[in-house]
Amino acid sequence: MKKVLVCGAGGFIGGHLVNKLKSLGFWVRGVDLKENEYGNNNSNEFILGDLRDPIIASKVVQDIDEIYQLAADMGGAGYIFTGEHDADVMNNSALCNLNILGAAQKSGVKKIFYSSSACMYPEYNQMDPNNPKCSEDSAYPANPDSEYGWEKLFSERLYLSYHRNYGMEVRIARFHNIFGPQGTWNGGKEKAPAAMCRKVAEAKDGDAIEVWGDGKQTRSFLYIDECVEAVIRLMDSDFTGPVNIGSEEMISINDFANMAIAISGKNLTIKNIPGPTGVRGRNSDNKLLKEKLNWEPTMSLLEGMKLTFEWINTQVKKHESVF
Ligand code: NAD
């Protein structure tokens, strides 16, 4: 039985990836600073550990055939774009990548997946909300709009260097806004879909939902199951990447908020307020994904949002009954 390691297994995507890998028959070891707070903890073995520590990194790679590296210090716009967490984000995530890659190479791990982000694309190609450019070949000259994006770009290059110099098999994906149940939905690290669902779930008829920026900024969002499917397909392919893993269904943030409101059935309005928003427009370009994996996501945003809203609504109610 193949033994795989999921770094960041206590996180949102990591928790779901563990389930998928187990359903495919893998033996899975997870490592994270914390267990998944929503009970999505199904690895065969879970090590509570800090990958900034090289000793932990060498411990967790023992007897492992393949690694999925998702551990990172990350969050939504309120965490990434304020500038307040830049030093932590760069230091913490870079150390995880340096340590795990070094340990993997020394212990002879053959293959490693790295989760990069669409945040590494240059800001100058994402100024027009209706026409953003995020094809994989548009990454350079580099100019990400956040230190989070710069760290991702550095780490992509780090993984590619290990591939070139040590022959390690590497797979790199650039995720575009992954969302779904069992993701962070409160506390400051939540991303737009979860924040939107939470605000709507907490609101009462007649309330106005606060949305950061003018609401005309655009994004696309990919449901978690499709993300995990794409990761497995990339790992099984012979393509190193980087490749976008995202949806091409672009929507303005106000329309997105209205979608959450419509799902809830409540009578709410939108109030646009100043706040960190990131680039004006971003959409996945799936041309390369389709070409290399012969696959593309098909689930609609509405379908994914219905499932996500239902889960967050339940979380909000549980939370309200405790406090
Ligand atoms: P997440 O925050 O839920 O998961 C990341 C996990 O890494 C967390 O559980 C965290 O505790 C863990 N971690 C952080 N520092 C660590 C350390 N020093 N040692 C051990 N574990 C540590 O985030 P996610 O949404 O599941 O994202 C997973 C990966 O995908 C990240 O690398 C992220 O940058 C990338 N990504 C996610 C999205 C998205 O929309 N969710 C988009 C682009 C890229």
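Only a predicted model underlies this, so the values are computations on that prediction, with no experimental measurement involved.

### Details of the side chain of Lys 111
Its location among the elements puts Lys 111 in strand β5 (residues 111–117). The buried charged residue Lys 111 lacks any salt bridge, with Glu 66 as its nearest oppositely charged partner at 4.3 Å. Within the structure, Lys 111 has its side chain in polar contact with the backbone oxygen of Met 235 (distance 2.5 Å). Setting aside chain neighbours within four positions, we find Lys 111 in contact with Asp 65, Glu 66, Ile 67, Glu 169, Arg 171 and Met 235.

### As for the site of the ligand
In the neighbourhood of the ligand, 26 residues make up the surrounding shell, with Ile 13, Asp 32, Tyr 148, Ile 178 and Lys 191 lying closest. Measuring from a nitrogen atom of the ligand, one finds a backbone N or O atom of Leu 33 at 3.4 Å. Take Ile 178: an N or O atom from its main chain is 2.7 Å from an oxygen atom of the ligand. Considering the ligand on its own, with 820 Å² of exposed area, one finds that the protein chains cover 93% of that surface.

### Details of the domain arrangement of the chain
In terms of domain boundaries, the chain breaks down into domain 1 (3–178 + 222–245) and domain 2 (181–219 + 249–281 + 299–316). One C-alpha centre belongs to domain 1, the other to domain 2; they are set 25 Å apart. Counting residues at the interface gives 26 residues for domain 1 and 26 residues for domain 2. Buried area between domain 1 and domain 2, summed over both chains or domains, comes out near 2100 Å², and the portion from carbon and sulfur atoms is 60%. It is Tyr 38, Pro 129 and Tyr 223 in domain 1 that bury the most area against domain 2; as a group they hold 32% of the surface buried on that side. Counting across the interface, domain 1 meets domain 2 through one salt bridge.

### Examining the sheet that holds β5
Within the open sheet, the seven strands sit side by side as β3-β2-β1-β4-β5-β6-β11. Their pairing is parallel. Looking at the sheet topology across the chains shown, the edges are occupied by β3 (45–48) and β11 (243–245). Taken over all neighbouring pairs, the strand axes of this sheet differ in orientation by 20° on average, direction set aside. Relative to β11, strand β6 (residues 169–175) runs parallel, the two being bridged by three bridges. By the bridge assignment, Ala 173 is partnered in β11 with Val 243. Packed on one face of the sheet, helix α4 (residues 86–106) meets β1 (3–7), β4 (66–69) and β5 and runs near 175° to β4.

### Overview of the packing of aromatic side chains
Aromatic rings in a pair are described by how distant their centres are and how their planes are angled relative to each other. Applying the stated rule across the entire model yields eight aromatic pairs. Relative to Phe 113, the ring of Tyr 68 lies with its centre 6.0 Å away and its plane at 40°, an arrangement referred to as tilted. With a gap of 45 residues between them, Tyr 68 in strand β4 and Phe 113 in strand β5 connect regions that are remote in the sequence. Relative to Phe 221, the ring of Phe 179 lies with its centre 6.4 Å away and its plane at 85°, an arrangement referred to as edge-to-face. Taken together, the residues span a long stretch of sequence, with Phe 179 in strand β7 (residues 178–179) and Phe 221 in the loop between β9 (218–219) and β10 (222–223) at a distance of 42 residues. For the pair shown, Phe 179 and Phe 221 are each scored as buried.

Conventions and cut-offs
- Residues numbered from 1 in each chain as written.
- Predicted model: local features only at pLDDT ≥ 70, side-chain atom pairs only at ≥ 80, totals over all residues.
- Heavy atoms only, no water.
- Helix = DSSP H or I, 4+ residues; strand = E, 2+ residues; numbered from the N terminus.
- Buried < 20%, exposed > 50% of the residue type's maximum accessible area, 1.4 Å probe, protein only.
- Lys, Arg positive; Asp, Glu negative; His and termini not counted.
- Salt bridge = Lys/Arg side-chain N within 4 Å of Asp/Glu carboxyl O.
- Polar contact = N/O pair within 3.5 Å; in protein donor to acceptor, adjacent residues only side chain to side chain.
- Contact = heavy atoms within 4.5 Å.
- Near = heavy atom within 4 Å.
- Areas by Shrake-Rupley, 256 points an atom, 1.4 Å probe, with all protein chains shown as cover.
- Domains from an automatic or database assignment.
- Buried area = accessible area lost by both parts, 1.4 Å probe.
- Pairing = 2+ DSSP bridges.
- Axes fitted to C-alpha atoms, helices over the stretch in contact; angles between N-to-C directions.
- Phe/Tyr/Trp six-rings, centres within 6.5 Å; stacked < 30°, edge-to-face > 60°.

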